[in-house]
Amino acid sequence: MSGAAAYDGHVTDDSEINRVLAITAHPDDIDFGAAGTIAVWTEAGIEVSYCIVTDGDAGGFDLAFPRSEMAALRRAEQTAAAKCVGVHDVRFLGYPDGQVEATLDLRRDLARVIRQVRPDRVVASSPERDYLRIGRSHPDHRAVGSATLDAVYPDARNPFAFPALLAEEGLEAWTVPSVWIMGTASPDHYVDVTATFARKIAALRAHESQHPHPEQLEGRLRQWLGGTAAAAGFPEGHLAESFRVLDTS
Ligand SMILES: [Zn+2]
């Protein structure tokens, strides 16, 4: 089972997809939310790029670790994590962790990356606050989710939005046909990641500075993704990641 495309008529089949761009706020967001799915895609020959808006410089738990070195460490961790799931194009925008707002500057910067990568599918964080899972709704996640959707529509596809992108950088307008929102309280699509779970765990483990109890990681994730698979109606013992898929064509 490579997904739930059989009953999800609104989801374009992976065989018609060449390029995916995942946009998240922090190093590790994509790995918690979607690394199993990313591995399914890269194994199918789809090219995946990451755009990480901050360097995660406010992350970690070790008060003794010098803050000035955190950004470089987290970039290295995210780059290593990406390789675990077949992703070799990781772009960092360098916004300060914990202070992201959905500004016009961020929309322009995301529209730039979208026009550079020209993805068939964008993976985004949710702009909505989830009252049941407060950690998912980090203000940076919501800001980046909101700016991503605004960059998808209208900025990236409108040649008259941020005209310098075309006039000075030669970046032509690009329409992203669909957006997969991860970490949403209202998913409508599930991907079976049982076969790529080990690669997801390897990617998560690469974020060494973020795990005070790395030995608990796999059990926690197995429980979480098992619950998602059960909600999807997948067979006992399967693992899944969930998304809300938007038609943005
Ligand atoms: Zn985050």
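Before reading further, recall that the structure is shown in the block above.
How each quantity is defined
Residues numbered from 1 in each chain as written. Predicted model: local features only at pLDDT ≥ 70, side-chain atom pairs only at ≥ 80, totals over all residues. Heavy atoms only, no water. 1 Å grid on protein atoms, 1.4 Å probe; cavity = no way out; pocket = protein on both sides within 12 Å on 5 of 7 lines; lining within 4 Å. Points joined across faces, edges and corners; volume = space filled by probe spheres on them. Helix = DSSP H or I, 4+ residues; strand = E, 2+ residues; numbered from the N terminus. Nonpolar A, V, L, I, M, F, W, Y, C, P; charged D, E, K, R; others polar. Donors = N, O, S within 2.8 Å, 3.2 Å for Na, K, Ca; no water. Buried < 20%, exposed > 50% of the residue type's maximum accessible area, 1.4 Å probe, protein only. Phe/Tyr/Trp six-rings, centres within 6.5 Å; stacked < 30°, edge-to-face > 60°. Salt bridge = Lys/Arg side-chain N within 4 Å of Asp/Glu carboxyl O.

Engineer: Looking at this structure, I do not really get the layout of surface pockets. What am I missing?
Structural biologist: Empty space left among the atoms is revealed by rolling a probe the size of a water molecule over them. Here the largest pocket is characterised by a volume of approximately 1,000 Å³. In this structure, the largest pocket is lined by 42 residues; those nearest its centre are Phe32, Gly33, Gly135, Arg136 and Trp224. Every element with two or more residues in the lining of the largest pocket is listed here: α1 (29-43), α7 (217-232) and β7 (240-247). No other element matches the seven residues that α7 contributes to the lining of the largest pocket. Classifying every residue of the lining of the largest pocket gives 13 nonpolar, 18 polar and eleven charged.

Engineer: Where do I start with the coordination of the zinc ion in this structure?
Structural biologist: Ideal geometry at a metal centre: 109.5 degrees between donors when four sit tetrahedrally, and 90 or 180 degrees when six sit octahedrally. Protein coordination at the zinc ion comes from His26 (ND1), Asp29 (OD) and His141 (NE2), with a distance range of 2.0 to 2.1 Å. Spacing between the donor residues of the zinc ion along the chain follows H-x2-D-x111-H. Comparing histidine 26 with aspartate 29 shows no difference in burial state: the two are buried.

Engineer: Would you mind showing me how to read the packing of aromatic side chains here?
Structural biologist: In this description, a pair of aromatic rings is defined by centroid distance and the angle of the planes. With the rule as written, the count across this model stands at two aromatic pairs. Plain terms: the ring middles of tryptophan 41 and tryptophan 180 are 5.1 Å apart, the flat faces sit at 80° to each other, and that makes the pair edge-to-face. Here tryptophan 180 lies in strand β5 (residues 178-182) and tryptophan 41 lies in helix α1, a separation of 139 residues in the sequence.

Engineer: Before we go on, may I ask you to explain the pattern of salt bridges in this structure?
Structural biologist: As a working rule, side chains carrying opposite charge can pair if their charged atoms are close by. By the definition in use, this model includes 14 salt bridges. The shortest N-O distance in the salt bridge between glutamate 43 and arginine 199 comes to 2.7 Å. Of the two residues, glutamate 43 is situated in helix α1 and arginine 199 in helix α6 (residues 197-205); the sequence distance between them amounts to 156 residues. Given the relative accessible area of 26%, arginine 199 is considered partly exposed. With a closest N to O distance of 2.9 Å, arginine 75 and aspartate 55 form a salt bridge. Here the residue arginine 75 occupies a position in helix α2 (residues 70-84), and aspartate 55 occupies one in the loop between β2 (47-54) and α2, the gap between them amounting to 20 residues. One network of salt bridges, in which partners are shared, links Asp105, Arg108, Asp109, Arg112 and Glu169.

Interpretation note: all reported values are geometric properties and have no functional meaning in isolation.
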